[in-house]
Structures are given as C-alpha cells and as structure tokens.
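Inside the fold
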Amino acid sequence: MNDSLDILSSRLDMKQRRLSQLQQTLLINTKNMKTSSTYEDDTIRELLEIRKLKAEIAELEVCVRIMETMC
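One structure accompanies this document, and this report is about it. Every value quoted in this text rests on a predicted model; they were computed, and no experiment measured them.

About the criteria used
- Residues numbered from 1 in each chain as written.
- Predicted model: local features only at pLDDT ≥ 70, side-chain atom pairs only at ≥ 80, totals over all residues.
- Heavy atoms only, no water.
- Helix = DSSP H or I, 4+ residues; strand = E, 2+ residues; numbered from the N terminus.
- Rg over C-alpha atoms; globule rule 2.2 N^0.38 Å.
- Buried < 20%, exposed > 50% of the residue type's maximum accessible area, 1.4 Å probe, protein only.
- Areas by Shrake-Rupley, 256 points an atom, 1.4 Å probe, with all protein chains shown as cover.
- Lys, Arg positive; Asp, Glu negative; His and termini not counted.
- Charge placed at Lys NZ, Arg CZ, Asp CG, Glu CD.
- Core = buried A, V, L, I, M, F, W, Y, C linked by side-chain atoms within 4.5 Å.
- Contact = heavy atoms within 4.5 Å.
- Expected span 1.5 Å × (residues − 1).
- Salt bridge = Lys/Arg side-chain N within 4 Å of Asp/Glu carboxyl O.
- Polar contact = N/O pair within 3.5 Å; in protein donor to acceptor, adjacent residues only side chain to side chain.

Observations regarding the overall build of the protein chain
- Each helix and strand in the protein chain was counted, giving two helices and zero strands.
- Relative to a compact globule of 71 residues, whose C-alpha radius of gyration would be 11 Å, the protein chain shows 16 Å and is clearly more extended.
- With the principal axes as the frame, the protein chain shows a C-alpha extent of 55 × 15 × 15 Å.
- In the protein chain, which comprises 71 residues, the proportion classed as buried is 23%.
- Of the accessible surface of the protein chain, which amounts to about 5,500 Å², a share of 54% is contributed by carbon and sulfur atoms.
- Placing the 11 positive and 12 negative side-chain charges of the protein chain at their respective mean positions leaves the two points 5 Å apart.

Things to note about the nonpolar core
- The biggest cluster of nonpolar side chains holds twelve residues, and these are Leu5, Leu8, Leu12, Leu19, Leu22, Leu26, Ile50, Leu53, Ile57, Leu60, Val64 and Met67.
- When contributions to this core are tallied by element, the ones reaching two or more residues are α1 (2-31) and α2 (39-70).
- Once you skip the residues sitting within four places of it in the chain, Ile50 turns out to touch Leu19, Leu22, Gln23 and Leu26.

Points about α2
- Helix length check: α2 (32 residues) gives 46 Å between terminal C-alpha atoms against 46 Å at 1.5 Å per residue, within 8%.
- Taken as a whole, α2 has its buried residues at Tyr39, Thr43, Glu46, Ile50, Leu53, Ile57, Leu60, Val64 and Met67.
- The inward-facing, buried residues of α2 abut α1.

Brief notes about the side chain of Glu46
- Summarising the element assignment, Glu46 is placed in helix α2.
- Arg45 is the oppositely charged side chain nearest to the buried, salt-bridge-free Glu46, at an N-O distance of 7.1 Å.
- At 3.0 Å, the side chain of Glu46 and the side chain of Asn29 are in polar contact.
- Setting aside anything within four residues of it in sequence, one finds Glu46 in contact with Thr25, Leu26 and Asn29.

Focus on α1
- If you check α1, its first and last C-alpha atoms are 43 Å apart, about what 30 residues at 1.5 Å a residue would give, namely 44 Å.
- Within the span of α1, buried status applies to Leu5, Leu8, Leu12, Lys15, Leu19, Leu22 and Leu26.
- Looking at the buried positions of α1, the neighbouring elements they touch are α2.

Structural notes on the pattern of salt bridges
- Under the definition given, this model contains four salt bridges.
- Two residues, Arg45 and Asp42, come together in a salt bridge whose shortest N-O distance is 2.6 Å. Remark: Asp42 and Arg45 occur in helix α2; sequence separation between them is three residues, near one turn of the helix.
- Under the relative-accessibility criterion, Asp42 is labelled partly exposed at 30%.

As structure tokens, this is what we get:
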C-alpha cells in the first residue's frame, strides 16, 4: 500500500512541477508578446495543458488523501 502511495505522491509532485514550469513559460511569453502568427495558438495550447494538469493534480490529490486514510 505504501508503494502505491509513494508512486501517487511522486506523480503528483512531477505534475505540480510541470504545472509550475508551464505557468512560468506562459508568464514569460505574455510579457514578451511579439507579433507572431503562432502566438495565440501557442498560448491557447499552453492554457489547455495547464487546465489538463490542474485536473490531473486535483484527481491525484484525492487519490493520495484516500490512500493516506487507508494506511
């Protein structure tokens, strides 16, 4: 059971780091708004990935909490 909790916690940490990286990238790209034909598409793609990661993080947090109560 602890191995599963460790795996879930590790995945959660990885996704939280990725989310932080994406948010930083989006912030930098927004500050450096250059006229680009792909700026809007890139921004939308980053925002969609951020939304997806947030949903996955929320799901993993629930799983970790459940696993912690079972241990």
